[in-house]
Amino acid sequence: MNRLFKERSAYLKHSANQKIDWHPWSEEAFEKAKQEDKPLFLSSGAVWCHWCHVMAKECFFDDEIARLLNENFISIKLDRDERPDIDRRYQMAIAAMGSGGGWPLSVFLTHDKKPFFGGTYFPPDDKLGRPGFKKVLKAVINLYKTKQDEISQYTEKLMNELKTSPTAQGQIDKSMFDNAVRDIISEFDPQHGGFGTAPKFPMPGALEFLINRCFLMQDNTVELAIRKTLKAMAQGGFYDQIGGGFHRYSTDESWIIPHFEKMADDNAWLLRNYVNAYYVFGDELFMDVAKGIISFIRNTLSDPEGGFYASQDADVTPDDEGGYFTWTEDDFKNTLDEDEYRILSLHLMHKAGAMHHDESKRVLFAVMTAEEIAKTSGRDLKEITEVIKRGKLKLLKSRNERLEPFIDKTLYTSINGMLISSCLLSCRVFRDNGLKEFAVNSLERIMKMRFTGNQLYHTEGIKGLLEDYAYLVEALISAYELTGNILHMQRADELMGLCINNLWDTDEGGFADTDDQLLGMKIKSIEDIPHPSANSLCIILMLKLSFMTKKEEYIKYAEKSLQVFSSRAKNIGIHAGYYFCALDAYFNSLKLTLYTSPSAKLAETAVSFISPYTTFVYGEDRGYVVPCFSDTCFDPVTDSGILKGFLMKKEYIKS
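Now for a description of the structure that goes with this document. Along every chain, residues carry numbers that run from 1 in the direction the sequence is written. Whole-chain, interface and lining totals are the exception, using all residues; otherwise, since this is a predicted model, local features are given only for residues with pLDDT of at least 70 and side-chain atom pairs are given and counted only at 80 or more. With hydrogens and water set aside, each side-chain value is computed from the structure's full complement of heavy atoms.

### Some details on the pattern of salt bridges
- Any Lys or Arg side-chain nitrogen found within 4 Å of a carboxyl oxygen on Asp or Glu counts as a salt bridge. All told, the structure shown has 48 salt bridges when counted by the stated rule.
- A salt bridge links arginine 248 to glutamate 261, with the nearest nitrogen and oxygen atoms 3.1 Å apart. One end of the pair, arginine 248, is in the loop between helix H10 (220-235) and strand S6 (249-250); the other, glutamate 261, is in the loop between strand S7 (258-259) and strand S8 (262-263), and 13 residues separate them in sequence.
- To sort residues, take the accessible area from a 1.4 Å probe on protein chains only and compare it with the maximum for the residue type: under 20% means buried, over 50% means exposed, and anything in between is partly exposed. Assessed through its relative accessible area of 15%, arginine 248 is described here as buried.
- Salt bridges linked by common partners bring Asp62, Glu64, Asp125, Lys134 and Lys138 together as one network. Only DSSP runs of H or I reaching four residues or more are called helices, and only runs of E reaching two or more are called strands; each is numbered from the N terminus.

Following this line, the structure appears as structure tokens:
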């Protein structure tokens with residue numbers, strides 16, 4: 001009997017009609033496996049995952065595979081978005097087995113939850129160098145029946161390897177910045193932008209660190225790397241050229257062919273990158289992309305009652321990968337007039353965007369810019385720009401008439417925190433009052449839904465994880481800084497206190513990802529995988545709260561975390577990008593005490609200034625602002641023009 005039809009998760013509900021006798025993650029499933037002396041099969045994935053849908057279609061509706069699983073295994077289906085803590089541990093186990101990682105994750109377990117074999121996607125029969133799932137199941141059945149003692153010995157050894165050793169504390173100092181910049185830039189791809197090779201992820205934590213470094217001290221090499229990367233991502237198929245927003249990652253080095261799912265967390269962080277880069281460098285392309293992300297978020301991922309949805313699926317069906325987002329020549333001809341077709345084909349249509357399964361379908365990416373088309377055609381740039389704008393609107397209208405990929409409307413606490421903070425940052429630059437109102441309303445709704453009885457929840461019925469605490473605290477602080485509503489700051493202080501009580505490692509320092517000791521493993525991560533580490537964000541938040549609340553213990557916790565993760569961060573370079581933001585904040589914070597009404601011109605001038613690692617706190621209305629940078633405070637400023645000049649000229653840094 002498939003038991004998933006009562007589950008809340010969209011992914012589990014999608015699996016409720018499969019032929020497998022699925023259980024949700026539950027003690028009942030493991031007890032049943034123990035009583036019947038059967039191994040368990042754990043399939044972890046997500047509703048946005050293309051290969052999860054492919055394996056489901058190929059394997060979980062197959063009669064022979066269903067029989068093998070139902071007769072010989074207890075099968076569990078897990079939504080990795082709903083339970084990232086469980087998924088993370090089994091991903092680590094599979095990686096330790098040498099099988100890589102990713103989704104769908106396919107793991108075989110003993111009744112005491114210990115993994116003994118696994119992988120990711122399996123086709124039903126041998127294909128593409130991958131063993132067929134039927135063959136795998138038969139081999140595991142035989143292994144479990146004949147070699148349980150060896151399985152027991154192997155799992156004990158594996159679990160011991162996965163348990164983290166004591167963290168070696170390191171020193172922190174300003175010399176670490178130059179080394180971190182050097183390590184990150186060493187992975188920069190000067191030809192295509194971005195870091196490393198395919199598949200390419202945007203690494204927003206590292207980008208944020210580099211953007212902030214450029215603000216604090218000009219570095220032409222770093223600026224070139226940032227501009228090249230942000231421009232390449234924005235002009236590739238990795239960015240949705242029609243509807244705005246970014247896909248999950250690029251399958252190629254040139255940012256042309258994406259994995260098509262569009263994730264709320266990825267777009268939240270890339271929105272920050274582009275807003276901050278626009279503010280620092282003044283490039284209007286970055287502003288356009290930021291507004292494109294906002295448009296996608298508001299049109300596709302926003303709940304009308306407040307809150308943000310989790311993701312948009314990659315596909316309508318697994319047979320047509322990216323079909324909703326790709327175009328044929330006939331699509332263009334039938335949608336655009338003759339002039340629009342000619343210009344938009346030059347702008348967005350190229351054979352390099354051809355899909356591997358159907359070369360007639362292409363991913364749109366910026367092959368030629370409007371400036372290049374105007375130059376080669378001899379036409380006016382403004383005219384070309386208008387044709388492109390008009391054509392894109394027609395293409396979007398046409399695409400909106402297609403059957404849309406599934407949207408996961410779950411309101412996860414962590415994801416909402418990310419997007420609320422990113423939207424409020426955008427409001428400070430673009431003065432979008434409608435977005436501001438929606439973001440603040442969303443914050444209120446999430447607080448009511450997910451923080452009840454002094455307990456924070458990740459989603460309904462699932463206790464809050466570190467990332468939920470961190471991102472909701474950040475959203476509360478962002479709302480306080482923009483509105484001056486002290487209740488937001490008080491709630492942030494309360495939640496951070498609970499986070500420390502529940503998740504702080506009293507032996508070594510740093511935060512664990514959860515207070516449940518799943519598989520006996522305590523995970524304290526500093527890696528950006530791929531969005532920035534919650535531990536790094538917590539350091540920044542505690543530094544902010546120390547200034548806002550005057551509680552010195554926050555500084556001590558922040559310092560301890562910086563020291564605990566120092567050695568690890570030095571060794572992983574780009575994957576610790578946001579740790580170096582936290583370290584930068586420790587040494588280079590700008591603090592503005594606003595002795596003025598939040599609606600006063602002086603406060604509006606201060607809040608509209610976007611500087612890295614800036615904290616605002618409101619005091620009694622006396623008509624002035626006191627700026628402090630690092631350990632130096634300056635004379636009170638009473639005039640908004642003088643304050644703007646002081647901040648824009650970065651006089652506080654030069655001092």
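Having put the structure on the table, let's press on.
### Brief notes about the pairing of strand S2 (residues 40-45)
- Summarising burial for S2: six of the six residues are buried, a large majority.
- Covered by surrounding structure in S2 are Leu40, Leu42 and Ser44 together with Phe41, Ser43 and Gly45, the residues of both alternating faces.
- With six bridges connecting them, S2 and strand S3 (residues 74-79) associate as parallel partners. Counted as the bridge partner of leucine 42 is isoleucine 76 from S3.
- At least two bridges found by DSSP between two strands are what make those strands a pair. Pairing between S2 and strand S4 (residues 105-109): five bridges, direction antiparallel. Within S4, the position partnered with leucine 40 by the bridge is leucine 109.

### Topic: the state of the cysteines
- Here, a disulfide means two cysteine sulfur atoms that sit within 2.5 Å of each other. According to the stated counting rule, one finds two disulfides in the structure shown.
- Each sulfur in the disulfide pair cysteine 49 and cysteine 52 lies 2.5 Å from the other. Handedness of the cysteine 49-cysteine 52 disulfide follows from its S-S torsion of about 80°: it is right-handed.
- Overall, cysteine 52 belongs to the buried group, its relative accessible area being 3%.
- Numbered by order of appearance in the sequence, the disulfide-linked cysteines of the protein pair as 1-2, 3-4.
- Left unpaired, cysteine 214 is separated from the closest cysteine sulfur, that of cysteine 581, by 12 Å.
- When its relative accessible area of 2% is taken as the criterion, cysteine 214 is described as buried.
- Cysteine cysteine 423 shares no disulfide, and the gap to the nearest cysteine sulfur, in cysteine 427, comes to 6.7 Å.
- Residue cysteine 423 is classed as buried on the basis of its relative accessible area of 1%.

### Describing the nonpolar core
- Phe209, Tyr274, Leu495, Met496 and Tyr579 are the most contacted members of the largest nonpolar core, which totals 144 residues.
- With 12 residues, the single largest contributor to this core is helix H19 (residues 466-483).
- Only buried residues count toward a nonpolar core. Its members are Ala, Val, Leu, Ile, Met, Phe, Trp, Tyr and Cys residues joined through side-chain atoms within 4.5 Å. Of all hydrophobic cores here, the second largest spans 33 residues; its members include Trp22, Cys49, Ala66 and Val136.

### Some remarks on the sheet that holds strand S17 (residues 632-633)
- Spatial strand order, S15-S14-S16-S17: four strands in an open sheet with mixed pairing. What marks the edges here is a single partner per strand, and that holds for strand S15 (614-618) and S17.
- Summarising the sheet, strand S14 (residues 590-595) and strand S16 (residues 624-629) pair through six bridges and their orientation is antiparallel. Of the residues in S16, the one forming a bridge with leucine 594 is valine 625.
- Along the sheet face, helix H21 (residues 534-549) touches S14 and S15 and points at about 25° away from the line of S15. Contacts are assigned to residue pairs with any non-hydrogen atoms lying within 4.5 Å of each other. A fitted line through C-alpha atoms represents every axis, and for helices the fit uses only the stretch in contact; the resulting angles, taken between N-to-C directions, go from 0 to 180 degrees.

### A few points about helix H16 (residues 381-400)
- Take the number of residues in a helix, subtract one, and multiply by 1.5 Å to get its expected span. Taking 1.5 Å of rise per residue, the 20 residues of H16 would be expected to cover 28 Å, and the 28 Å separating its terminal C-alpha atoms lies within 8% of that figure.
- Among all positions of H16, only Ile384, Val387, Ile388, Gly391, Leu395 and Arg399 are buried. Looking down the long axis of H16, one finds its buried residues gathered within 100° of arc, a one-sided arrangement. More than 90 degrees from the buried face of H16, the exposed residues found are Lys382, Lys389, Leu393 and Lys397.
- Those residues of H16 that are buried are in contact with helix H13 (329-335), helix H14 (338-348) and helix H15 (370-377). Directions from the helix axis toward the C-beta atoms define the arc.

### A short note on the side chain of serine 589
- Within the secondary structure, serine 589 is located in the loop between helix H23 (577-587) and S14.
- Exposure remark for serine 589: the relative accessible area of 11% places this residue in the buried category.
- Here a polar contact means two N or O atoms within 3.5 Å. Within protein one must be a hydrogen donor candidate and the other an acceptor candidate, and residues neighboring in sequence count only if both atoms are side-chain atoms. Among the polar contacts made by the side chain of serine 589, one reaches the main-chain carbonyl oxygen of alanine 585 at a distance of 2.4 Å.
- If we ignore the near neighbours within four places in the chain, the residues touching serine 589 are Asp584, Tyr613, Cys628, Phe629 and Ser630.

### Remarks on the packing of helix H18 (residues 433-450) against helix H20 (residues 486-503)
- In contact at an axis separation of 13 Å, H18 and H20 are set at 40° when each is read in the N-to-C sense. Taken as axis vectors, H18 and H20 run oblique relative to one another. Between H18 and H20 lies a crossing of left-handed hand. In contact with Val440, Leu443, Glu444 and Met447 of H18, H20 contributes His488, Arg491 and Leu495.
- For this classification, Asp, Glu, Lys and Arg are treated as charged, while Ala, Val, Leu, Ile, Met, Phe, Trp, Tyr, Cys and Pro are nonpolar and the rest, including Gly, are polar. For the contact of H18 with H20, the residue count by class is four nonpolar, one polar and two charged. An angle below 35 degrees is treated as roughly parallel, one above 145 as roughly antiparallel, one from 65 to 115 as roughly perpendicular, and anything else as oblique. Crossing handedness is read from the near helix: turned anticlockwise from the far helix by less than a right angle, it gives a left-handed crossing, and turned clockwise, a right-handed one.

### Details of the packing of aromatic side chains
- Planes of paired rings set the category: under 30 degrees apart is stacked, over 60 is edge-to-face and the rest tilted, where pairs are Phe, Tyr or Trp rings (Trp by its six-membered ring) whose centres lie within 6.5 Å. Under the definition given, this model contains 43 aromatic pairs.
- Residues phenylalanine 41 and phenylalanine 133 carry aromatic rings whose centres are separated by 5.4 Å and whose planes lie at 50° to one another, so their mutual orientation is tilted. Of the two residues, phenylalanine 41 sits in strand S2 while phenylalanine 133 sits in helix H6 (residues 133-146), which places them 92 residues apart along the sequence. When sorted by exposure, phenylalanine 41 lands in the same class as phenylalanine 133, which is buried.
- Measuring from ring centre to ring centre gives 6.5 Å for tryptophan 269 and tyrosine 471, while their planes differ by 75°; the resulting arrangement is edge-to-face. Separated by 202 residues along the polypeptide, tryptophan 269 in helix H11 (residues 264-281) and tyrosine 471 in helix H19 bring together distant segments of the chain. Both residues of the pair, tryptophan 269 and tyrosine 471, count as buried.
- Placement of a positive charge over a ring is assigned whenever Lys NZ or Arg CZ falls within 6 Å of the ring centre and within 35 degrees of the normal to the ring plane. Of note, arginine 213 hangs over the ring of phenylalanine 177, and the distance from its end group to the ring centre comes to 4.4 Å.
- One Lys or Arg, arginine 272, reaches over the ring of tryptophan 269 and ends 4.0 Å from the middle of that ring.

Functional significance is not addressed by these values, which are geometric in nature.
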